[in-house]
Amino acid sequence: MGESGDFGVRVTALHTAATTLRDNAGALRQHAHAIGDHAFGLGNDAAGRDYSAQGAGIHRGFERAAGCLRHWAAAAAATADVFDRAATEYARLDHERAAALHQVGR
């Protein structure tokens, strides 16, 4: 549909938003990976003999944070796919309707 005006869908803006979301999803995946790879030790190996329960709790917290980032990345990537498909479909329908109208005008 149109790229300007009061009505229509800005296909280019949808594609741009999809690209931005994919870039952000990639960054979120990198951060999840970094947190997962560098999570605090499993217990007393990083917290010390007297603080193994606290160390294990911190480790689980890092694992949960990495999991949340992975889910966020997946959601952002899925949303980007929807935006791209919608933009492509809007453009296809617009061209199809324009061609049909052009045939009526002949």
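Residues numbered from 1 in each chain as written. Predicted model: local features only at pLDDT ≥ 70, side-chain atom pairs only at ≥ 80, totals over all residues. Heavy atoms only, no water.

J.: I tried to follow helix α1 (residues 11-37) on my own but got confused; where do I start?
T.: Residues lying three or four places apart along an α-helix face the same way, a consequence of the helix completing one turn every 3.6 residues. Taking 1.5 Å per residue as the helical rise, α1 with its 27 residues ought to reach 39 Å, and the 39 Å between its terminal C-alpha atoms agrees with that figure. Residues of α1 that are buried in the fold lie against α3 (52-104). (Helix = DSSP H or I, 4+ residues; strand = E, 2+ residues; numbered from the N terminus. Expected span 1.5 Å × (residues − 1). Contact = heavy atoms within 4.5 Å.)

J.: What is the right way to read the packing of α1 against α3 from this model?
T.: When two helices pack together, their arrangement is given by the angle between their axes and by how far apart the axes lie. Interaxial distance between α1 and α3 falls to 8 Å at its minimum, and their mutual angle equals 165 degrees. In terms of orientation, α1 lies roughly antiparallel with respect to α3. The chirality of how α1 crosses α3 is left-handed. Residue classes in the contact of α1 with α3 are distributed as 21 nonpolar, five polar and five charged. (Axes fitted to C-alpha atoms, helices over the stretch in contact; angles between N-to-C directions. Parallel < 35°, antiparallel > 145°, perpendicular 65-115°, else oblique. Left-handed = near helix turned anticlockwise from the far one by under 90°. Nonpolar A, V, L, I, M, F, W, Y, C, P; charged D, E, K, R; others polar.)

J.: It is not clear to me how the side chain of His59 should be interpreted in this structure. Could you clarify?
T.: Within the secondary structure, His59 sits in helix α3. For His59, a relative accessible area of 12% translates into the label buried. Among the polar contacts listed, one links the side chain of His59 to the side chain of Glu63, at a separation of 2.9 Å. (Buried < 20%, exposed > 50% of the residue type's maximum accessible area, 1.4 Å probe, protein only. Polar contact = N/O pair within 3.5 Å; in protein donor to acceptor, adjacent residues only side chain to side chain.)

J.: I tried to follow the confidence of the model for the chain on my own but got confused; where do I start?
T.: Residues shown with low pLDDT carry predicted positions that ought not to be read at fine detail. Taken residue by residue, the chain gives an average pLDDT of 87. The fraction at 70 or more is 90%. No element of the chain has a lower mean pLDDT than helix α2 (residues 44-47), which averages 68, and none a higher one than α1, which averages 95. (pLDDT = per-residue confidence, 0-100.)

J.: I tried to follow the side chain of Asp84 on my own but got confused; where do I start?
T.: Within the secondary structure layout, Asp84 lies in helix α3. Side chain to side chain, Asp84 and His15 meet in a polar contact 2.6 Å long.

J.: How do you make sense of the nonpolar core when you look at a structure like this?
T.: Soluble, globular proteins show a tendency: their nonpolar side chains are buried together. Of all hydrophobic cores here, the largest spans six residues; its members are Ala25, Leu28, Ala32, Leu69, Ala73 and Ala76. Leu69 has contacts with Leu28, His31, Ala32 and Ile35, leaving out every residue within four places of it along the chain. (Core = buried A, V, L, I, M, F, W, Y, C linked by side-chain atoms within 4.5 Å.)

J.: Before we go on, may I ask you to explain the pattern of salt bridges in this structure?
T.: A side chain with one charge can pair with a side chain of the opposite charge if their charged atoms come near. Evaluated as defined, the whole model comprises five salt bridges. Measuring nitrogen to oxygen at the nearest pair gives 2.8 Å for the salt bridge that ties Arg22 to Asp81. In this pair, Arg22 sits in helix α1 while Asp81 sits in helix α3, placing the two residues 59 residues apart along the sequence. Given a relative accessible area of 34%, Asp81 falls into the partly exposed group. Across the salt bridge formed by Glu89 and Arg92, the nearest N and O atoms sit 2.5 Å from each other. Linking Glu89 with Arg92, this pair stays in helix α3, spanning three residues, or about one helical turn. Under the relative-accessibility criterion, Glu89 is labelled partly exposed at 35%. Classification of Arg92 by relative accessible area gives partly exposed; the value is 39%. (Salt bridge = Lys/Arg side-chain N within 4 Å of Asp/Glu carboxyl O.)

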